[in-house]
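Coordinate analysis (summary)
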Amino acid sequence: MVVEAIPNSVGFIYAILAFAALAWLWYSGRFTRRRAVPFLVVSVLLGYLVFAPVFPYQLQLLVLRDTAALGAPLPMTLVGTLAFIVLALVFGRIICGQICPAGAVQEVMHLIPVKKRGSAESRVPVAVRAGVFVVFLAAGLGLSVNLLGLLGLAAFFNLAVASASFFVFLSIVLLSAVVYRPFCRYVCPYGALLAPAASRALYRLRRTDACINCRKCERACPTGAARPDDGLGECYLCGRCTDACPVDGALVYGRGR
Ligand code: SF4
Ligand code: SF4
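Here the structure is a predicted model, which is why all the values come from computation and not from measurement. (Residues numbered from 1 in each chain as written. Chains lettered and ligands numbered in written order. Predicted model: local features only at pLDDT ≥ 70, side-chain atom pairs only at ≥ 80, totals over all residues. Heavy atoms only, no water.)

A word on the site of ligand 1
In the neighbourhood of ligand 1, the contacting residues comprise Pro56, Arg93, Cys96, Cys100, Ala102, Gly103, Arg181, Phe183, Cys184, Cys188, Tyr190 and Gly191. At the level of elements, helix H7 (101-109), helix H12 (182-186) and helix H13 (189-198) are the ones that each hand at least two residues to the shell around ligand 1. (Near = heavy atom within 4 Å. Helix = DSSP H or I, 4+ residues; strand = E, 2+ residues; numbered from the N terminus.)

Some points on a nonpolar patch on the surface
A cluster of nonpolar residues, Val37, Val41, Leu45, Val108 and Leu111, forms a patch on the protein surface that exposes about 370 Å² of accessible area. Here the nonpolar patch gets three residues from one element, more than from any other, and that element is helix H2 (residues 33-50). Its place among the elements puts valine 41 in helix H2. By relative accessible area, which is 43% here, valine 41 ends up partly exposed. (Patch = residues over 30% accessible without salt bridge, like charges linked within 9 Å, V, L, I, M, F, W, Y side chains within 5 Å. Areas by Shrake-Rupley, 256 points an atom, 1.4 Å probe, with all protein chains shown as cover. Salt bridge = Lys/Arg side-chain N within 4 Å of Asp/Glu carboxyl O. Buried < 20%, exposed > 50% of the residue type's maximum accessible area, 1.4 Å probe, protein only.)

With respect to unusual backbone geometry
Geometrically, the link from alanine 52 to proline 53 is a cis peptide bond, its omega value of 0° lying close to zero. Notably, phenylalanine 51 is not glycine yet its phi reads approximately 50°, a positive angle. Given the relative accessible area of 13%, phenylalanine 51 is considered buried. With a phi close to 45°, arginine 181 is a non-glycine residue in the positive phi region.

Quick notes on the nonpolar core
Residues Ile94, Ile99 and Leu153 are the most contacted members of the largest nonpolar core, which totals 75 residues. Apart from the residues within four sequence positions on either side, leucine 153 is in contact with Phe51, Val54, Pro56, Tyr57, Ala102, Leu148, Phe169 and Phe183. (Core = buried A, V, L, I, M, F, W, Y, C linked by side-chain atoms within 4.5 Å. Contact = heavy atoms within 4.5 Å.)

Things to note about the site of ligand 2
All residues adjacent to ligand 2 are Leu205, Cys221, Thr223, Ala225, Ala226, Cys235, Tyr236, Leu237, Cys238, Gly239, Arg240 and Cys241. Grouping the constituent residues of the shell around ligand 2 by class yields nine nonpolar, two polar and one charged. (Nonpolar A, V, L, I, M, F, W, Y, C, P; charged D, E, K, R; others polar.)

A closer look at the side chain of serine 43
With respect to the secondary-structure elements, serine 43 resides in helix H2. In this structure, serine 43 is in contact with Tyr14, Gln98, Ile99, Pro101 and Ala104, ignoring residues within four places of it in sequence.

Let's talk about the pattern of salt bridges
Considering all chains together, one arrives at six salt bridges under this definition. Here glutamate 107 makes a salt bridge to arginine 181, at a shortest N to O gap of 2.6 Å. Here glutamate 107, found in helix H7, pairs with arginine 181, found in the loop between helix H11 (164-175) and H12; they are 74 residues apart in sequence, far enough to count as distant. As far as the burial class goes, glutamate 107 and arginine 181 line up, both buried. Given a relative accessible area of 3%, glutamate 107 falls into the buried group. Three or more residues are tied together by salt bridges with common partners; here these are Arg93, Arg129 and Glu234.

Points about the environment of tyrosine 236
Among the structural elements, tyrosine 236 can be located in the loop between helix H14 (216-220) and helix H15 (240-244). A relative accessible area of 2% places tyrosine 236 in the buried class. It is 8.1 Å that separates the C-alpha atoms of tyrosine 236 and glycine 92, two residues lying 144 residues apart in sequence. If we ignore the near neighbours within four places in the chain, the residues touching tyrosine 236 are Arg93, Cys96, Gly97, Arg129, Tyr180, Arg181, Cys184, Arg185 and Thr223. A distance of 2.8 Å separates a polar atom in the side chain of tyrosine 236 from a polar atom in the side chain of glutamate 234. (Polar contact = N/O pair within 3.5 Å; in protein donor to acceptor, adjacent residues only side chain to side chain.)

Some details on the environment of proline 222
Within the fold, proline 222 resides in the loop between H14 and H15. Residues contacting proline 222, with those up to four places away along its chain left out, are Ser119, Ala120, Tyr180, Arg185 and Arg240.

Section: H2
Over its 18 residues, H2 runs 25 Å from end to end, which matches the ideal 26 Å to within 8%, given 1.5 Å per residue. Restricting attention to buried positions, one finds in H2 the residues Ala36, Phe39, Leu40, Ser43, Val44, Leu46, Gly47, Tyr48 and Val50. Packed against the buried residues of H2 are helix H1 (9-27), helix H6 (94-99), H7 and helix H10 (153-157). Backbone geometry just downstream of H2 places phenylalanine 51 in the positive-phi region, at approximately 50°. (Expected span 1.5 Å × (residues − 1).)

What to know about the packing of aromatic side chains
Here the structure, examined in full by the defined rule, presents 22 aromatic pairs. Here tryptophan 26 and phenylalanine 31 contribute two aromatic rings whose centre-to-centre distance is 4.1 Å and whose plane-to-plane angle is 10°, an arrangement assigned as stacked. Here phenylalanine 31 falls in the buried class, since its relative accessible area comes to 6%. Summarising the aromatic geometry, the rings of phenylalanine 157 and phenylalanine 169 are spaced 6.5 Å apart at their centres and angled 45° between planes, so their arrangement reads as tilted. Separated by twelve residues along the polypeptide, phenylalanine 157 in helix H10 and phenylalanine 169 in helix H11 bring together distant segments of the chain. (Phe/Tyr/Trp six-rings, centres within 6.5 Å; stacked < 30°, edge-to-face > 60°.)

Now the structure itself:
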């Protein structure tokens, strides 16, 4: 369904503008899950219309040095890819929260009111994703294998239903109705780079002295990132914790730990 007439730079301009808007919403304390919905919808639509800004796939093409598919010179793509990792060092994983179409489509699916499964902890998913990252690099650099292509990321957004890989990613998306972001947490190689950056982010969610330790935020968090000792590498800035917090100003997004 990708519309060739729309340059994929449209997706990246959207990513920058949406990033600024979401960072402002978080910083000003106005972020809510309801306000995030339009971003999720536009991001998913852009995924289908221009297949951008699908960051993990950009990284895949970069590893494969596939300039034809990238539609841009390698250095420019490298700078763009690194820029959002630097932004994660400052603002956390805003890009994953609502902007990357692959993350957004899973986030939308998880809104479906069915019983949720999967544990809210990050050690196993992070370890699995680290292993996948090694395979991703070895396959891409050593064998020129497009691992994310095999998993159907491009086929899914291109609605290439004749391709078997379309159904692989479709299965992941369907699974995300019950398990929170299986692709982001267990597979995504770009997420594997964003997570360590986000765990050192300058601006982050933190509890203040107003916290009454009711732990509602922890129970609402699907990744275990709302625990006070968590580094927030697996915080997708979804807003479940801040929406669940019953005390104004107890859980804020701001500078410092
Ligand atoms: S973890 Fe990967 S797929 Fe998920 S939102 Fe982030 S960049 Fe996109
Ligand atoms: S619920 Fe968890 S993942 Fe979502 S914003 Fe809060 S800490 Fe981050």
